[in-house]
Each structure stands twice: as structure tokens, then as C-alpha cells.
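Single-letter residue listing:
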Amino acid sequence: MADDVRNVLEALSTIDEHWQPHRLTSINDYDVKVVKLQGEFVWHTHPDTDELFMVVSGRLTIQLRDRDVVLNPNDVFVVPRGVEHCPKATDEVHAILFEPKGTVNTGDVGGEMTSDLHEFD
């Protein structure tokens with residue numbers, strides 16, 4: 001994968017399902033994931049890691065218990081480790097996530113929205 005050039009927009013164009021992260025590449029112990037989001041996710045935390053969201057297109061709201069953070073294209077926000085949050089997108093959002101390898105999308109709550117990390121062919 002280190003020798004492969006990956007295009008974010010081309011990768012996103014191949015994703016059919018929402019809330020299904022795909023590994024774009026990895027760097028050190030981190031995965032760079034692309035994902036399409038629409039609707040409301042689940043409230044969860046990542047007790048051991050921060051989570052970086054970067055919006056490529058659309059408008060993403062990261063709900064926190066004390067406020068909402070609104071991200072537009074090219075905006076970046078880091079949810080600190082252990083902070084309960086719930087992403088929400090009224091319309092489809094394309095995003096990039098940076099997380100340590102093995103990070104589960106639903107964090108500490110699990111459930112039916114938990115997704116394995118998908119690989120591109």
C-alpha cells in the first residue's frame with residue numbers, strides 16, 4: 001500500500017453504504033479511512049484514542065453532550081479520547097477519519113451500526 005497512489009474522491013465514489021469506513025491507507029500505527037455518512041450515528045466514546053474528522057463534502061454535525069460542532073468542507077475537528085459524541089448528517093457527507101489501527105467505529109457501545117473496516121480492491 002505504501003507505493004500506491006490513492007485518490008480520495010475516486011475512493012469515495014466506490015462506496016455504496018453509509019457508515020461503512022474503508023481504509024484508504026495506513027501510516028505508522030494509524031489508519032486513514034474514508035466514509036460516507038448520512039443520518040444520525042450512535043452516541044459513543046473511544047476511551048483510548050482521539051478521533052479526527054475531516055469533511056471532504058457536505059455538512060457534518062458532531063454532537064457533544066455540551067455543544068454541537070458543525071464541520072463544512074475542508075474543516076477538521078478532533079474529538080478527544082473519552083468524549084461522548086454522535087456524528088449526524090442531514091444530507092450525505094464524505095469524510096476522512098484518522099484513527100489508530102483497530103479502532104471500532106462504534107467505540108465502546110457496539111451494536112448493529114458496528115462495521116468492520118473495509119478494504120479497497
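Model, not experiment: these values are computed from the prediction.

K.L.:
For the side chain of S115, give the residues involved together with the corresponding values.
P.N.:
Take S115: it is sitting in the loop between β7 (85-100) and β8 (118-119). Residue S115 is classed as buried on the basis of its relative accessible area, which comes to 10%. A distance of 2.9 Å separates the side chain of S115 from the side chain of Q20, its partner in a polar contact. Here the side chain of S115 touches H118 through a polar contact of 3.4 Å, side chain to side chain. Setting aside chain neighbours within four positions, we find S115 in contact with W19, Q20, P21 and N105.

K.L.:
Break down the environment of T106 for me, citing the residues and quoting the values.
P.N.:
Take T106: it is sitting in the loop between β7 and β8. Sequence-wise, T106 and V5 are 101 residues apart; in three dimensions their C-alpha atoms are separated by 29 Å. Look past the residues within four positions of T106 in its chain and what remains in contact with it is F41, V42, H44, M113 and T114.

K.L.:
Pulling in residues and values, what's your account of the environment of V93?
P.N.:
Here V93 shows up in strand β7. Along the backbone, V93 and V35 are 58 residues apart, and their C-alpha atoms lie at a distance of 8.2 Å. Look past the residues within four positions of V93 in its chain and what remains in contact with it is V35, K36, L37, V55, S57, G58, R59 and L60.

K.L.:
Kindly report on unusual backbone geometry, identifying the contributing residues and their values.
P.N.:
The phi torsion at W19 lies on the positive side, around 65°, for a residue other than glycine. In this fold, W19 is placed in the loop between α1 (8-13) and β1 (22-27). Residue classification places W19 among the buried residues on the basis of a relative accessible area of 9%. Despite not being glycine, N74 has its phi angle at roughly 75°, a positive value. Mapping N74 onto the fold places it in the loop between β5 (68-71) and β6 (76-79). Using a relative accessible area of 63% as the deciding quantity, one classes N74 as exposed.

K.L.:
Can you lay out the pattern of salt bridges for me, pointing to particular residues and giving the numbers?
P.N.:
Inspection of the entire model under this criterion finds 6 salt bridges. A salt bridge links R23 to E119, with the nearest nitrogen and oxygen atoms 2.3 Å apart. Taken together, the positions of R23 in strand β1 and E119 in strand β8 put the pair 96 residues apart, joining distant regions of the chain. On the basis of relative accessibility, which here comes to 40%, the residue E119 falls in the partly exposed class. Where R81 meets D50, a salt bridge forms, and the shortest distance between an N and an O atom there is 3.9 Å. Highlighted residues: R81 in the loop between β6 and β7 and D50 in the loop between β2 (30-40) and β3 (51-57), separated in sequence by 31 residues. Residues joined in a network through salt bridges with shared partners are R23, D31 and E119.

K.L.:
Any chance you could break down the packing of aromatic side chains for me, citing the residues and the numbers?
P.N.:
Tallying each qualifying case throughout the model produces 1 aromatic pair. Seen in terms of ring centroids, W19 and F41 are 4.6 Å apart; in terms of plane orientation they differ by 20°. Their pairing is stacked. With W19 in the loop between α1 and β1 and F41 in the loop between β2 and β3, this residue pair connects regions lying 22 residues apart in the sequence. F41 carries the same exposure label as W19, and that label is buried. One residue, R65, lies across the ring of W43, its end atom 3.7 Å from the ring centre.

Criteria and cut-off values
All residue numbers here refer to positions counted from 1 along the written sequence of the relevant chain. Per-residue local features of the predicted model are confined to residues with pLDDT of at least 70, and side-chain atom pairs are confined, for both listing and counting, to 80 or more; whole-chain, interface and lining totals are unaffected and use all residues. Side-chain metrics rest on all non-hydrogen atoms present in the structure, leaving aside hydrogens and water. Put simply, DSSP marks the helices as runs of H or I at least four residues long and the strands as runs of E at least two long, and each gets a number from the N terminus on. Between buried and exposed lies partly exposed: a residue is buried under 20% and exposed over 50% of the maximum accessible area for its type, with that area taken using a 1.4 Å probe on protein chains only. Polar contact is the term for a pair of N or O atoms within 3.5 Å; when the atoms are in protein, one must be able to donate a hydrogen and the other to accept it, and sequence-neighboring residues count only if both atoms are side-chain atoms. The contact definition used throughout considers only heavy atoms, calling two residues in contact when any of these lie within 4.5 Å. Within this document, salt bridges are pairs made up of a side-chain nitrogen of Lys or Arg and a carboxyl oxygen of Asp or Glu, the two lying within 4 Å of each other. Any two of the Phe, Tyr and Trp rings considered here, Trp counted by its six-membered ring, make a pair once their centres fall within 6.5 Å; the pair's planes then place it as stacked at under 30 degrees, edge-to-face at over 60, or tilted in between. Each ring is checked for a lysine NZ or an arginine CZ that lies within 6 Å of its centre and within 35 degrees of its normal; such an atom marks a charge sitting over the ring.

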